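# A structural walkthrough
Chain by chain, the residues:
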Amino acid sequence: MSAHASDSPAPAILAEVRPVVLPRRVLVENHRDFHWITEKICGIVEGKTPAWWWWCFGLAAVVASFTVSGLVYLVSTGVGVWGHANPVNWAWDIVNFVFWIGIGHAGTLISAILCLLRQKWRTSINRAAEAMTIFAVVCAAIFPVFHVGRIWFAVMPGWLFPFPNANGIWQNFRSPLEWDVFAVSTYGTVSVLFWYIGLIPDLGTMRDRFTQTGNLLRARIYGFFAMGWRGSNRQWSNYEMAYLILAGISTPLVLSVHTIVSFDFAVSLIPGWHTTIFPPYFVAGAIFSGFGMVLTLMLPLRAVYRLEDLITQYHIDCMCKITLATGTMVGYAYSMEFFIAWYGANPYEGFAFINRAFGHYAWAYWIMIGCNVITPQFFWFRSVRENTTLVWILSIFVNVGMWFERFVIIVTSLARDFLPSSWGYYSPSIVEIFTFFGTFGVFSFLFLLFIRFVPIMPMSEVKAVIPAADPHGSSPH
Amino acid sequence: MNQTYGLIAAFDTTPDLYHACAKVRDAGYSQWDALTPFPIHGLDAAMGVRRSKVPRFSLAGGITGFCTGMSLIFWAGAYEYPLIVGGKPYFSPMFAFPISYELTILFTAFATIGGMFFLNQLPMHYHPVMKAPQFVRALDDRFYIVIEANDPKFNATATRELLARAGGKDIAEVEA
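Residues numbered from 1 in each chain as written. Chains lettered and ligands numbered in written order. Predicted model: local features only at pLDDT ≥ 70, side-chain atom pairs only at ≥ 80, totals over all residues.

Per the secondary structure count, chain A includes 17 helices and 1 strand. Computed over its C-alpha atoms, the radius of gyration of chain A comes to 24 Å, within 12% of the 23 Å expected for a compact globule of 477 residues. In terms of its C-alpha atoms, chain A occupies a principal-axis envelope of roughly 75 × 60 × 45 Å. (Helix = DSSP H or I, 4+ residues; strand = E, 2+ residues; numbered from the N terminus. Rg over C-alpha atoms; globule rule 2.2 N^0.38 Å.)

Set out below in structure tokens:
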């Protein structure tokens, strides 16, 4: 890698123009040192399991059982237990799929895009955000896999993955749904790999600490996954390059995944779906919803584990501002859809949008507008951003709003398509509602296991952003 | 008596390590390394480590992925079982693009990670420096330089003096 900018002497012009030194926000408060960071993060995993963890884990398991029972009932009975019927043959599964996949996107944004943009504040939240991505992809995958009813078809040749079926016929590679299979499975795989690569140095730290305290079983387990990492600079050199490349490829990946998800709709001819604005609009919405979820998860974590020195007010400010920016982009997309529906002069398109805002599903539309367009505007105010409880409550609204966005887009367009005689009104069945409700349990179950067994922050990256990590002392550059 | 793997010296701060690395580099050693709990900016230059070769693996992986996607879809759709769907052509790079794009990324990721493991010789669950009692702090809060005994310039007394002059503390031998 090229030498750091500060290796070369400062240009002579600086003495003449004397630029103002901008103060940099500290990323770790109270002048914490390297050892404090190790103790703090490892202490969470090494310490005794707190009582609240067991309570939450039990609750998450109970909630997750709703999904399990719903899916067992679905597979044993048939897809009729879901409320889909003409003309809305496709709603609950795809709404929840898009919702969960979208949530995952903030994790990749934090780990990849902010890494490329050298936003150092990402370090203390990226591990948890990437874990969120992986668990969100797990929750998302449940729906397309199970909506076929006979789930064994999902893994049989000829259906999803590129093998011919019993008649020798291949998948339709022209279909966005087949593109989706590749996009989502690539996304899941690369997210797991990226997360794991980031974990290796920290697992090495855990291995050495368990070895020292004599807990050889855990030292073996962490050591196995640490791959024998020893922090040698010749290794770091390759590691950093690999990490940078993974960040570089994850950036187009995350943009392409939600673009392809939006193709599921945009490539069809249904009014309200057949629009070119979908890819950027879906990506902005995904990042918006993902940051909502990151705030929902990180703020309680910060309070419970007293991580205020590592997740500072500056971090919360940054996350709120990204939520504000993407939320405003989503609001712009809503208004632009309306404008194009009018300007395009297509009567079906015009009807679809009037119907969205004032038809049978107007309640859902206005929940969506309220949560996605109005909620983030509160983040303009510093007093709101500094009120952690309020930020957390607003982040819940963001999650709710983005679920309704997918519901509105999918259901309103299908319920009122070209043929008035087949118009209908879709309501989810109780099985659908419980299955979706349970996925929050599945997600929490996995996330709780994560915070119990894996260092929740990348120690090696957090250490690298404190002033003591600079090999040139604390001189500004 | 056990053979010696090399000499290990500890440093308390990153600037100390940085300047010591430059001194060891200038002394002409080649078989040596720095152990740090996190990547330090500019240390590659201070150690004289060349730019990583991981990108070559990534490029090869990416090209393989893209070609796999395009050729799979061409072969399946236009050769193995040509089937007209919606009046569209048997093969077009347009509709084959999204899948090829995803496979480019997937194969690049595999190649990058595989290349990184290969170049770093991982997994390697045993290494002499891990046996050193000092090692527990290498991934925590201390910085080390290890000079191997099989370095052509290695000399037990001269190397120890060099490390001491560079500011190294707790200089000790590492058993092979």
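With that settled, the discussion passes to the environment of A:Y305. As for its placement among the helices and strands, A:Y305 is situated in the loop between α10 (278-304) and α11 (313-343). Taking the C-alpha atoms as reference points, A:Y305 and A:I41, separated by 264 residues in sequence, lie 9.4 Å from one another.

A word on the sheet that holds strand β2 (residues 32-35) of chain B. Residues and elements named next belong to chain B. A sheet is described by the order of its strands in space; here 4 strands give the open sequence β2-β3-β1-β4, paired in antiparallel fashion. The sheet is open, and its two borders are formed by β2 and β4 (169-175), each paired with just one other strand. On average, each strand axis in the sheet is inclined to that of its neighbour by 20 degrees, with strand direction left out of account. Both β2 and strand β3 (residues 143-148) contribute to a ladder of 4 bridges, which runs antiparallel. Among the inter-strand pairings, L35 is bridged to a residue of β3, identified as Y144. (Pairing = 2+ DSSP bridges. Axes fitted to C-alpha atoms, helices over the stretch in contact; angles between N-to-C directions.)

It is worth spelling out the packing of helix α4 (residues 92-116) of chain A against helix α5 (residues 123-146) of chain A at this point. Residue and element names in this part refer to chain A. Their axes nearest at 7 Å, the elements α4 and α5 cross at an angle of 160 degrees. Between α4 and α5, the angle is such that the two are roughly antiparallel. Considering the relative orientation of α4 and α5, their crossing is left-handed. Contacts between α4 and α5 pair D93, N96, F97, W100, I101, I103, G104, A106, G107, T108, I110 and S111 from the former with I125, N126, A129, E130, M132, T133, A136, V137, C139, A140, F143 and P144 from the latter. (Parallel < 35°, antiparallel > 145°, perpendicular 65-115°, else oblique. Left-handed = near helix turned anticlockwise from the far one by under 90°. Contact = placed C-beta atoms within 7 Å.)

On the side of chain B, 61 residues touch chain A, which itself brings 62 residues to the contact. Looking at the side of chain A that touches chain B, the elements that each hand over two or more residues are α2 (34-46), α7 (176-213), α9 (233-266), α17 (459-464) and β1 (471-474) of chain A. The greatest single-element share of the side of chain A that touches chain B, amounting to 17 residues, is contributed by α9(A). Of the residues that constitute the side of chain A that touches chain B, the class distribution is 30 nonpolar, 22 polar and 10 charged. (Nonpolar A, V, L, I, M, F, W, Y, C, P; charged D, E, K, R; others polar.)

Our next topic: helix α1 (residues 14-26) of chain B. Residue and element names in this part refer to chain B. Compared with an ideal rise of 1.5 Å per residue, which puts 13 residues at 18 Å, α1 spans 18 Å between its outermost C-alpha atoms and is within 8% of the ideal. Those residues of α1 that fall on the buried side of the exposure criterion are T14, L17, Y18, A20, C21 and V24. Within two residues after α1, G28 carries a phi angle of roughly 90 degrees, on the positive side. (Expected span 1.5 Å × (residues − 1). Buried ≥ 20, exposed ≤ 12 C-beta atoms within 10 Å, placed from the backbone.)

Our next topic: helix α12 (residues 347-358) of chain A. Residue and element names in this part refer to chain A. Here α12 spans 16 Å end to end across 12 residues, near enough to the 16 Å set by a 1.5 Å rise per residue. Listed as buried for α12 are A352, F353, N355 and R356. Projected down its long axis, α12 carries its buried residues within an arc of 160 degrees, all on one side. Turned more than 90 degrees from where α12 packs its buried face, P347 and F358 sit exposed. Contacts made by the buried residues of α12 are with α11, α13 (362-374) and α15 (388-415). (Arc of directions from axis to C-beta.)

Right, let's get into the environment of A:M336. Mapped onto the fold, A:M336 is located in helix α11. For the pair A:M336 and A:L116, spaced 220 residues apart in the sequence, the C-alpha separation amounts to 30 Å.

All names here are of chain A. Position of S65 relative to the elements: it lies in helix α3 (residues 51-77). According to the C-beta neighbour criterion, S65 is partly exposed, with 15 such atoms within 10 Å. When the C-alpha positions of S65 and G441 are compared, they lie 7.8 Å apart, and in sequence the two are 376 residues distant.

The subject of this paragraph is the nonpolar core. Within soluble globular proteins, side chains that are nonpolar tend to cluster in buried spots. Residues and elements named next belong to chain A. Counting residues in each nonpolar core, the largest one holds 149 residues, and the members touching the most others are I101, M132, A136 and V294. Here the element with the most residues in this core is α9; it accounts for 17 residues. Residues in contact with A136, not counting those within four places in the same chain, are W100, I101, I103, G104 and F443. (Core = buried A, V, L, I, M, F, W, Y, C linked by C-beta atoms within 7 Å.)

Omega for the peptide link from A:N86 to A:P87 comes to 0 degrees, which places this bond in the cis form. Following the sequence through the fold, A:P87 ends up in the loop between α3 and α4. Residue B:P123 is reached from B:L122 by a cis peptide bond, and omega for that bond is -10 degrees. With respect to the secondary-structure elements, B:P123 resides in the loop between α4 (93-120) and α5 (128-131). The residue A:R118 is not glycine, and still its phi comes out positive at about 55 degrees. Mapped onto the fold, A:R118 is located in the loop between α4 and α5. Here the phi dihedral of B:D170 falls at roughly 45 degrees; this positive angle occurs in a residue that is not glycine. Relative to the assigned elements, B:D170 resides in strand β4.

Bringing the packing of α4(A) against α10(A) into the picture now. Residues and elements named next belong to chain A. Remark: α4 packs on α10, axes separated minimally by 6 Å, with the N-to-C direction vectors making an angle of 80 degrees. If you check the angle between α4 and α10, you find them roughly perpendicular. For the pair formed by α4 and α10, the contact residues are G102, I103, G104, H105, A106, G107 and L109 on the first element and G285, A286, I287, S289, G290, F291, M293 and V294 on the second. Here the contact of α4 with α10 is built from residues that sort into 8 nonpolar, 7 polar and no charged.

With that settled, consider the domain arrangement of chain B. What the domain assignment lists for chain B is domain 1 (4-51 + 125-175) and domain 2 (54-120). Using C-alpha coordinates to define each centre, domain 1 of chain B is positioned 43 Å away from domain 2 of chain B. (Domains from an automatic or database assignment.)

What follows deals with the confidence of the model for chain A. Chain-level pLDDT for chain A is 87 on average; 97% of the residues reach the 70-or-more range. Contacts from residues 1-6 of chain A, a stretch scored under 50 in pLDDT, to residues over four places away or in other chains number 13 contacts. (pLDDT = per-residue confidence, 0-100.)

For the rest of this paragraph, the subject is the confidence of the model for chain B. All names here are of chain B. On average, residues of chain B carry a pLDDT of 88, and 99% of them reach 70 or more. Of all the helices and strands in chain B, β4 carries the lowest mean pLDDT, 82, while α4 carries the highest, 94. Scored as a complex, the prediction yields pTM 0.89 and ipTM 0.91.

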